[in-house]
Amino acid sequence: MRHGLGNREIARRRGISADAVKYHFQNVLLKLALPGRAALRHWTVIRRDSALFAKESDMEQPGMLGAIGQISRKVADIAAARVWYGEVLGLQHLYSFGDLAFFDCGGTRLFLSEGAGDGESILYFRVPDIGLAHTALASAGVEFVSAPHMIHRHDDGTEEWMAFFNDPEGRALAIMAQAKA
């Protein structure tokens, strides 16, 4: 539901009936006192076992975006791109996962993913407290595609959190934060 799937698709993936999905969503909406599916999609929930849950806010100006933390690019051949960005440009390779590769560019992370794309890069702004930044930006009129969510937990327990939104021309932007365990 939080990723925009309908009842039938959720039912298919879960191996249950669409009526069962509808029943469970009605219970969730009632327990959370949310008016509907759209409110659930944008509901900001942080699991209690998340490092972000216990983090105290150190954000002095919640609406202020930090430095660019990450830039994404699509590449046709991830193996060739790893060699070119690492060996030719001399960027420090941080880690790879399948068709994804990450490099350090003086503190800004370069995120390469293999596949066809529209050629647009996504800018990811660092924020010290993603919950406060999300609330402040939403209050200023920013329409988020989804609520802040954890996208990865590193081996050391550090969590990567992101929330995506679009600029007035429809180009993707994001806020990002790390929470250390």
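For every chain, the first residue of the written sequence is number 1, and numbering continues from 1 onward in sequence order. Per-residue local features of the predicted model are confined to residues with pLDDT of at least 70, and side-chain atom pairs are confined, for both listing and counting, to 80 or more; whole-chain, interface and lining totals are unaffected and use all residues. Here the side-chain values reflect all heavy atoms present in the structure, with hydrogen atoms and water set aside.

Chemist: How would you sum up the pattern of salt bridges? Please name residues and give values.
Modeler: Throughout this description, the term salt bridge denotes a Lys or Arg side-chain nitrogen within 4 Å of a carboxyl oxygen of Asp or Glu. Evaluated as defined, the whole model comprises 5 salt bridges. Note that Arg13 is salt-bridged to Glu9, the shortest N-O span being 2.7 Å. Here Glu9 and Arg13 lie together in helix H1 (residues 7–14), a separation of 4 residues that amounts to about one turn. We classify Arg13 as exposed; its relative accessible area is 58%. A run of H or I in DSSP becomes a helix once it reaches four residues, and a run of E becomes a strand once it reaches two; helices and strands are each numbered from the N terminus. Throughout this description, buried means an accessible area under 20% of the type-specific maximum (1.4 Å probe, protein chains only), exposed means over 50%, and partly exposed covers the range between.

Chemist: A description of the sheet that holds strand E1 (residues 68–75) should follow, citing residues and the corresponding values.
Modeler: By this definition, two strands are paired if DSSP reports at least two bridges between them. Taken together, the 8 strands give an open sheet; going across it, the order is E2-E3-E4-E1-E5-E8-E7-E6, and neighbouring strands pair in mixed fashion. Here the strands that pair on one side only, and so sit at the sheet edges, are strand E2 (92–97) and strand E6 (149–153). Across the sheet, the axes of successive neighbouring strands diverge by a mean angle of 25°, strand direction being ignored. Here strand E3 (residues 100–105) runs beside strand E4 (residues 108–114); their pairing, made up of 6 bridges, is antiparallel. Between the N-to-C directions of two axes lies an angle of 0 to 180 degrees, each axis being a line fitted to C-alpha atoms and, for a helix, fitted only over the stretch in contact.

Chemist: So what's going on with the packing of aromatic side chains? Residues and values would help.
Modeler: Pairing of aromatic rings covers Phe, Tyr and Trp, the last through its six-membered ring, and needs centres within 6.5 Å; plane angles under 30 degrees mean stacked, over 60 mean edge-to-face, and all others mean tilted. Overall, the coordinates contain 8 aromatic pairs when judged by the stated rule. The structure contains a cluster of three or more aromatic residues connected by ring pairs, namely Tyr95, Phe97, Phe102 and Phe111.

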